[in-house]
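# Descriptive analysis of the structure
If you want the building blocks of each chain, they are given just below.
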Amino acid sequence: MTDIPEILRLLDREIWLVTAAAGDRRAGLIATFVNQASIVPEAPRMLIGIAKQHHTWQLIEASRAFTLQLLDESHLDWVWRFGLHSGRTLDKFEGLPALSPVAWMKCRVETSLDTGDRTIYVGEVTDAKLEKATPPLTMNFLLQRAPPERMRELRDGMTRDADELSRLIHDRILVFLRGADGRSFTTCTAGRRRCAPRGLAKITYTGGAIDPSGDRAAHRLR
Ligand SMILES: Cc1cc2nc3c(=O)[nH]c(=O)nc-3n(C[C@H](O)[C@H](O)[C@H](O)COP(=O)(O)O)c2cc1C
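Quantities reported herein were computed from a predicted structural model and do not represent experimental measurements.

### Remarks on the site of the ligand
The ligand sits among 22 residues. The nearest are Phe33, Thr56, Gly83, Ser86 and Gly87. Taken together, the elements giving at least two residues each to the shell around the ligand come down to strand E2 (25-31), strand E4 (45-51), helix H2 (55-63), helix H3 (76-83) and helix H5 (148-170). It is E2 that contributes the most residues to the shell around the ligand, 4 residues altogether. Partitioned by chemical class, the residues of the shell around the ligand number 11 nonpolar, 10 polar and 1 charged.

And the structure:
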């Protein structure tokens, strides 16, 4: 487990601005959790992972749509504006010049996966344009160029987000469904209670390690 930071440091990631709008509300954040999710030319799809505490997450949930804009190396200021503070407390778009991204894609959410701390969205790309042939901004470039004050803000922001995400991962409620034989268990998250078929006992449990099999689990869960 201790080598995880070293392994991840071998990778570099492109930096995207993810925006969403619902009614007259708008939101945007910086993201590296953005991937191609299809190689089928007539069914282009992108995948993004958005933490649930973010303002932008709320508007993607409300609109079931998002836009991806690929930043270039001249866009460091956009990272500080959209990646360090929440749009709940300030209007990140106020007074902004038009962004000239490397490329953009508009996506409609096809499906999503709740992982406790994040929602992973698979978006159907409904429109896209390559605007210019400049190299995309990457995480390694950002880390090399960030002034010390910004590095501190980045680190503080990541620590804050990681604390909140840890709580969401560990505190999520598991619903245990007792099987028809009265002994076996399957699990689902509380947000999906509808997965409990009629007649199966539901036992809710919050946090901690569980061996969800047999009488031992039943004993611990009571
Ligand atoms: C380089 C960088 C990469 C980031 N990648 C992601 C990401 O992939 N997913 C995510 O949910 N947040 C990511 N964040 C964090 C959000 O951009 C940040 O918390 C933002 O302030 C949230 O804004 P909002 O609350 O207005 O939506 C990243 C931040 C930075 C600086």
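### Considering the confidence of the model for the protein
Averaged over every residue, the pLDDT of the protein is 83; residues scoring 70 or more account for 76%. Low pLDDT, under 50, characterises residues 190-222; the stretch is placed with 40 contacts to residues that sit more than four places away or in other chains.

### Re the pairing of strand E7 (residues 118-130)
Inspection of the sheet shows E4 paired to E7 by 7 bridges, in the antiparallel sense. Residue pairing in the sheet places Ile48 in a bridge with Tyr121 of E7. Judged from the 11 bridges that link them, strand E6 (residues 103-114) and E7 form a sheet pairing that is antiparallel. Counterpart to Met105 in the pairing with E7 is Ala128. Hairpin connection, E6 to E7: the antiparallel pair is bridged by 3 residues, and Gly116 has positive phi, about 95°.

### Things to note about the environment of Thr126
Within the fold, Thr126 resides in strand E7. Given 12 C-beta atoms within a 10 Å radius, Thr126 is considered exposed. As for Thr126 and Arg108, which are separated by 18 residues in sequence, their C-alpha atoms are 6.8 Å apart. If near-sequence neighbours (up to four positions away) are discounted, Thr126 is found in contact with Lys106, Cys107 and Arg108.

Reading guide: rules and limits
- Residues numbered from 1 in each chain as written.
- Predicted model: local features only at pLDDT ≥ 70, side-chain atom pairs only at ≥ 80, totals over all residues.
- Near = placed C-beta within 6 Å.
- Helix = DSSP H or I, 4+ residues; strand = E, 2+ residues; numbered from the N terminus.
- Nonpolar A, V, L, I, M, F, W, Y, C, P; charged D, E, K, R; others polar.
- pLDDT = per-residue confidence, 0-100.
- Contact = placed C-beta atoms within 7 Å.
- Pairing = 2+ DSSP bridges.
- Buried ≥ 20, exposed ≤ 12 C-beta atoms within 10 Å, placed from the backbone.

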